[in-house]
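So the chains spell out like this:
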Amino acid sequence: MISISTIAAVDAFTAENGGTEVIPGSHLWGEDWRQKAAAATVAPVTVTMPAGACVMFSGTLVHRGGANRSIAPRLA
C-alpha cells in the first residue's frame, strides 16, 4: 500500500504550540506499529515550520499532534 500524508500550516508550527510530532523510521515498522510505538526508544521529533508551509511524509509514519502549551490555537 502507498499512502502519503500532508499537513499545511495555517499558523506556524512550533514545539510550544503543539507542532506535529513524528517518530523517525516508524514508517518501516509494519502492521504491528502500535506495539513498536509503545516500546519505542526513539524520541518523537517536532515538525517546525512557518505559516503557509506544508510537510509531506509517508502515511505510515507514526505521528501525532503535540501538546499546545501556548495561549493561542495552532491551526493546520
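Residues numbered from 1 in each chain as written. Predicted model: local features only at pLDDT ≥ 70, side-chain atom pairs only at ≥ 80, totals over all residues. Heavy atoms only, no water.

## Quick notes on a nonpolar patch on the surface
Okay, step 1: Together, I2, I4 and M56 line one region of the surface with nonpolar side chains, adding up to about 400 Å² of accessible area.
Okay, step 2: On the secondary structure map, I2 appears in the segment before β1 (4-8).
Okay, step 3: A residue is classified by how much of its surface remains accessible, and I2, at 80% relative accessible area, is exposed. (Patch = residues over 30% accessible without salt bridge, like charges linked within 9 Å, V, L, I, M, F, W, Y side chains within 5 Å. Areas by Shrake-Rupley, 256 points an atom, 1.4 Å probe, with all protein chains shown as cover. Salt bridge = Lys/Arg side-chain N within 4 Å of Asp/Glu carboxyl O. Helix = DSSP H or I, 4+ residues; strand = E, 2+ residues; numbered from the N terminus. Buried < 20%, exposed > 50% of the residue type's maximum accessible area, 1.4 Å probe, protein only.)

## A word on the sheet that holds strand β3 (residues 45-46)
Strand pairs in the sheet, formed through backbone hydrogen bonds, run parallel or antiparallel to each other.
Okay, step 1: Sheet architecture is open: three strands sit in the order β3-β2-β5, paired in antiparallel fashion. Only two strands of the sheet have a single partner each, and these edge strands are β3 and β5 (63-64).
Okay, step 2: As paired strands, strand β2 (residues 21-22) and β3 are joined by two bridges and run antiparallel to one another. Each bridged residue has a counterpart across the sheet, and for E21 the counterpart in β3 is T46. (Pairing = 2+ DSSP bridges.)

## Observations regarding the side chain of N17
Okay, step 1: Secondary-structure assignment places N17 in the loop between β1 and β2.
Okay, step 2: In terms of polar contacts, N17 uses its side chain to reach the backbone carbonyl oxygen of A12, at 2.7 Å.
Okay, step 3: Here the side chain of N17 touches T14 through a polar contact of 2.9 Å, landing on its backbone nitrogen.
Okay, step 4: Contacts of N17, omitting those with residues within four sequence positions, involve A12, A67, N68, R69, S70 and R74. (Polar contact = N/O pair within 3.5 Å; in protein donor to acceptor, adjacent residues only side chain to side chain. Contact = heavy atoms within 4.5 Å.)

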